[in-house]
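Residue-level structure breakdown
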Amino acid sequence: MAKRKRRPRQRAASVQPGIVGPPRPVPRGIVRPAYARDARGEPGPSRMAPVRSTGEIEAMRRAGAAAAEVLMIAGRHVTPGTTTDAIDAVVHAEVLDRGAYPSPLGYRTFPKSVCTSVNEVICHGIPDSRPLAAGDIVNIDVTVYLDGVHGDTSAMFCVGEVDAESERLVRGTLRALEAAIGVVAPGVPVSAIGEAIEGVARPLRLGVVREFVGHGVGPDFHGSLQIPHYYDPRNSVPLAEGMTFTIEPMLTLGGPQVDLWSDGWTAVTADRSRSAQFEHTLAVTSDGAEVLTTTSGGRCAHELSAASVPGRGSG
Ligand code: MF3
Ligand code: CO
Ligand code: CO
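Residue positions within a chain follow its written sequence, with the count starting from 1. Key to labels: chains lettered from A, ligands numbered from 1, both in the order written. pLDDT decides what is reported in this predicted model: residues at 70 or higher carry local features, side-chain atom pairs at 80 or more are listed and counted, and totals for whole chains, interfaces and linings draw on all residues regardless. To obtain the side-chain values, all non-hydrogen atoms of the structure were used and water was disregarded.

**Focus on the coordination of the cobalt ion (ligand 3)**
Defined as follows: The rule for donors is simple: an N, O or S atom within 2.8 Å of the metal counts, and for Na, K and Ca the reach is 3.2 Å. Water is not among the atoms, so a site may look short of donors. Irregular is the default label, applied whenever a site is not tetrahedral (four donors, all angles between 85 and 135 degrees) and neither square planar nor octahedral (four or six donors, opposite donors over 155 degrees apart, all other angles between 65 and 115). Each helix is a run of DSSP H or I of at least 4 residues and each strand a run of E of at least 2, with the numbering of both proceeding from the N terminus. Exposed residues in this analysis have more than 50% of their type's maximum accessible area, buried residues have under 20%, and partly exposed residues fall in between, with area computed by a 1.4 Å probe over protein chains only.
Every protein donor of the cobalt ion (ligand 3) is accounted for by Asp 141 (OD), Asp 141 (OD), Asp 152 (OD) and Glu 279 (OE), and the metal-donor separations fall at 2.1 to 2.3 Å. Relative to the metal, the 6 donor atoms surrounding the cobalt ion (ligand 3) lie at angles of 59 to 167°, and the coordination shape comes out irregular. Between the cobalt ion (ligand 3) and the cobalt ion (ligand 2), both coordinated by Asp 152, there is a metal-metal distance of 3.3 Å. Here Asp 141, found in strand β4 (residues 137-146), pairs with Asp 152, found in strand β5 (residues 149-158); they are 11 residues apart in sequence, far enough to count as distant. Taking relative accessible area as the criterion, Asp 141 reaches 9% and is therefore assigned buried.

Shown next as structure tokens:
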């Protein structure tokens, strides 16, 4: 039998930084988080308790629903030729329309209203003049500040047709988030979350990024509670009813090691392999988890991503 010659894997060019436009203005009537009134955007140490009052959770449902709606709208703008800055414009306008503040804007000097992370960018990509191209995968990470609390959610979107490995990555990352949400309940150690994510990632041979973790969220954008996406048996802190935090696994096709662009924000894989991320804000309930970043009808952008990735449900 003739030996089939292996075709060299088509390598996409690495993402190059584009031009970052000026910050978009926010009308006076919008209530800003404290850091957005500071020139350096310093939030200071989080003094927020890990557990929310029922009133705070109600506010977080409203902030979460607004973030989910904006993310779904942003996803509809993902097409070849659209710049990530155009997506920033859409997110900015839709957030303000809901009477909310776009949390990334001015956070520790982040210059834009949303994070857009393309291909090998793991997270915290700054929207710029680069047009999306067919075959790209992009994470859009929307956080809004509404009624005194933040709602934080992100999803992957495929630009036109993407290669099979990218589909596998995106589908696996969504499954990892869903598996992690599935183990959340009072009394469960924080380590069970990373364990569930690794339980999906390892058989798929996907890397799990360790440098960025899920976080407590509420009146503060980033609370002191840390939610690693890898298994650390020492992290035996038990979850408790009323805790609110994000789970936001970043999985990679190659190694999970991180490099930083000189802009100080854009985190890329050291080997420039592709990375995917999905994120929800959750509240721990008496017997499980409530996903706060869904619309009032219970929808979210993750279903759009799932639909754009063929083969979901088969594994
Ligand atoms: N939304 C991101 C998260 O999931 C944080 C973005 S901070 C920014 O935690 F400054 F980069 F916007
Ligand atoms: Co987050
Ligand atoms: Co986020």
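**Quick word on the site of ligand 1**
Which entries qualify depends on this criterion: A single heavy atom is enough: if one lies within 4 Å of a molecule or strand, its residue is considered near that molecule or strand. Polar contacts, as used here, are pairs of N or O atoms within 3.5 Å; protein pairs need one atom able to donate a hydrogen and one able to accept it. Residues neighboring in sequence count only if both atoms are side-chain atoms. Only the protein chains shown count as covering a residue, and every accessible area follows the Shrake-Rupley method with a 1.4 Å probe. Each residue receives one of three labels: charged for Asp, Glu, Lys and Arg, nonpolar for Ala, Val, Leu, Ile, Met, Phe, Trp, Tyr, Cys and Pro, and polar for the others, Gly being one of them.
What surrounds ligand 1 is a group of 14 residues, the closest being Pro 104, His 215, His 222, Glu 248 and Glu 279. Separating an oxygen atom of ligand 1 from a side-chain N or O atom of His 222 is a distance of 2.8 Å. Taking 330 Å² as the accessible area of ligand 1 by itself, protein coverage stands at 97%. The class makeup of the residues in the shell around ligand 1 is 6 nonpolar, 4 polar and 4 charged.

**Re the sheet that holds strand β6 (residues 207-208)**
To keep it simple, the criterion reads: Two strands qualify as a pair provided that DSSP identifies no fewer than 2 bridges between them.
Here we have 3 strands laid out as an open sheet, ordered β6-β10-β13, and antiparallel in their pairing. Of all the strands in the sheet, the pair left with one neighbour each is β6 and β13 (275-277). Looking at chain direction, β6 and strand β10 (residues 250-252) are connected through 2 bridges and run antiparallel. Considered in β10, the bridge of Gly 207 is made with Thr 252.

All we've got here are geometric facts, nothing functional implied.
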